[in-house]
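Below are the chains, spelled out letter by letter.
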Amino acid sequence: IFGSIGHDPGTEWTAGSPSTLNQTLRRNMDVFSGITVNPNMPGPSGFGTLGSEWAPFPVDDVSGLGSHSTTCNFTWSPATTPATGCTVTATPPTGTNTTYTASGTFNNGCTGSGSVTVNQHEQPTVDAESDQTITLCYGPSCATLTADAVHGEGPFTFNWSNGATGSTITVCPTTTTVYCVTITDANGCTNAPDCAAVTVIDACCGKKNDKVLVCHNGHTICVSSGAVPAHLAHGDQLGECAEGKSHTIVEETAISQSTIAAYPNPFNNTTTIHFDLNNNGNVKVEVLDVHGKVVSLLMNGNLNAGSYNVNWDASVVTPGVYVCKISNGGEISTLRLVVQK
């Protein structure tokens with residue numbers, strides 16, 4: 001019942017909270033038992049359960065008829081947060097399938113239970129191969145990148161930032177490029193990307209880009225590929241020197257097996273002449289004037305293949321153009337020198 005039997009609630013019929021005039025009254029879903037004893041109270045005071053146990057709806061609205069709710073006193077196993085309730089949070093161990101069971105006693109005294117299984121897939125991770133460096137015009141111009149699936153359930157699908165697929169790809173960039181890879185495992189899970197950089201050193205020089213730039217003693221020189229190993233052996237580096245270092249233009253004859261550079265050039269009184277030898281042999285280093293006359297003999301003797309430096313003191317000659325000539329057996333290399341004073 002609602003109200004008090006034998007008493008008129010007065011305006012509660014038409015203007016109360018809620019009013020019963022032209023309404024459908026429905027018991028609230030959380031009400032499991034009602035008043036069993038007549039409150040025997042006159043007026044609105046005897047009408048109190050109308051607002052606390054009933055909900056008003058439009059006339060003839062029967063939606064939700066027969067619905068009910070519980071007090072959500074279910075106990076969950078294994079442990080959840082919170083341990084009891086209708087809605088809880090479960091944190092199953094990674095990579096496992098865990099079954100959670102809720103059990104409890106209903107308001108009518110009946111007991112029951114239900115279960116749900118949560119599949120917690122392991123997050124896949126990928127390890128891209130470490131950064132690599134390639135040098136244009138010397139050595140391989142391509143790099144091979146490999147990605148390994150560290151966690152997750154295979155088979156895996158690999159997706160690279162350049163659109164390639166597969167665990168191993170070959171790339172041939174002309175500028176430094178970063179390549180990132182993600183994997184998708186058999187469960188459809190995708191990892192955060194891992195990346196590897198391919199640093200490109202552009203060491204091409206010469207009229208046909210058939211020679212190699214080398215940083216030698218702080219100066220950039222252009223040498224034949226056969227002379228590069230000797231440079232690297234004594235600490236030179238491939239490519240141009242760091243910004244701010246001087247650059248030297250190297251002139252080579254077509255038949256030369258030696259590479260010559262001079263720095264500074266042009267110069268005032270003294271310059272250092274650098275040359276590389278690919279073969280052992282007797283080497284003569286001379287400076288000639290424009291008429292072909294030898295003005296200075298800088299070296300004459302047997303040398304092993306490698307890199308050498310020799311200084312020329314031009315303080316005793318007049319300003320002008322001179323030629324450094326290196327004879328190595330039947331091979332001859334020349335370099336133009338400019339003296340300024």
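Residues numbered from 1 in each chain as written. Predicted model: local features only at pLDDT ≥ 70, side-chain atom pairs only at ≥ 80, totals over all residues. Heavy atoms only, no water.

Asks: Mind showing me how you'd approach the overall build of the protein chain here?
Replies: When its secondary structure is counted, the protein chain shows three helices and 23 strands. Scaling as 2.2 N^0.38, a compact globule of 341 residues should have a C-alpha radius of gyration of about 20 Å, whereas the protein chain reaches 46 Å, well beyond that. Structurally, the protein chain occupies a C-alpha span of about 140 × 45 × 30 Å along its principal axes. With 341 residues in all, the protein chain has 33% of them scored as buried. (Helix = DSSP H or I, 4+ residues; strand = E, 2+ residues; numbered from the N terminus. Rg over C-alpha atoms; globule rule 2.2 N^0.38 Å. Buried < 20%, exposed > 50% of the residue type's maximum accessible area, 1.4 Å probe, protein only.)

Asks: How do you make sense of the sheet that holds strand E10 (residues 168-171) when you look at a structure like this?
Replies: Backbone-to-backbone hydrogen bonds join strands into a sheet, with any given pair of strands oriented parallel or antiparallel. Strand order in this open sheet of three strands is E6-E8-E10, and the pairing throughout is antiparallel. At either margin of the open sheet sits one strand with a lone partner, and together these are strand E6 (125-128) and E10. Averaged over all pairs of adjacent strands, the angle between their axes in this sheet comes to 25 degrees, without regard to strand direction. In the sheet, E6 pairs with strand E8 (residues 143-151) via four bridges, with the strands oriented antiparallel. Note that in E8 the partner of Ala-128 across the bridge is Ala-147. (Pairing = 2+ DSSP bridges. Axes fitted to C-alpha atoms, helices over the stretch in contact; angles between N-to-C directions.)

Asks: What's the story with the nonpolar core in this structure? I'm lost.
Replies: Inside soluble globular proteins, nonpolar side chains tend to come together where they are buried. Ile-273, Phe-275, Val-285, Trp-312 and Leu-337 are the most contacted members of the largest nonpolar core, which has 21 residues in total. At the level of secondary structure, the elements contributing two or more residues to this core comprise strand E17 (258-263), strand E18 (270-277), strand E19 (281-288), strand E20 (294-303), strand E21 (306-313), strand E22 (320-328) and strand E23 (331-339). Among residues more than four places away in sequence, those in contact with Phe-275 are Thr-259, Ile-260, Val-283, Val-285, Met-299, Leu-303, Gly-306, Ser-307, Tyr-308, Val-310 and Ile-326. With 17 residues, the next largest nonpolar core counts Val-126, Ala-128, Phe-158 and Val-198 among its residues. (Core = buried A, V, L, I, M, F, W, Y, C linked by side-chain atoms within 4.5 Å. Contact = heavy atoms within 4.5 Å.)

Asks: Which parts of the structure should I look at to understand the pattern of salt bridges?
Replies: Any two side chains of opposite charge can pair, given that their charged atoms come close. Overall, the coordinates contain three salt bridges when judged by the stated rule. A salt bridge links Arg-26 to Asp-61, with the shortest nitrogen-to-oxygen separation between them at 4.0 Å. On the criterion of sequence distance, the pair formed by Arg-26 in strand E1 (residues 24-27) and Asp-61 in the loop between strand E2 (54-57) and strand E3 (75-77) is long-range, its members being 35 residues apart. Owing to a relative accessible area of 22%, Asp-61 belongs among the partly exposed residues under this scheme. For the salt bridge of Glu-53 with Arg-27, the shortest nitrogen-to-oxygen distance reads 3.9 Å. Of this pair, Glu-53 sits in helix H2 (residues 49-53) while Arg-27 sits in strand E1; the two residues are 26 residues apart in sequence, bridging distant segments of the chain. For Arg-27, a relative accessible area of 31% puts it in the partly exposed group. (Salt bridge = Lys/Arg side-chain N within 4 Å of Asp/Glu carboxyl O.)

Asks: How should I be thinking about the pairing of E8 in this particular structure?
Replies: The two faces of the sheet receive side chains in turn, since in a regular strand these alternate between them. Relative to E10, E8 runs antiparallel, the two being bridged by four bridges. Its bridge partner lying in E10, Thr-146 is registered against Thr-168.

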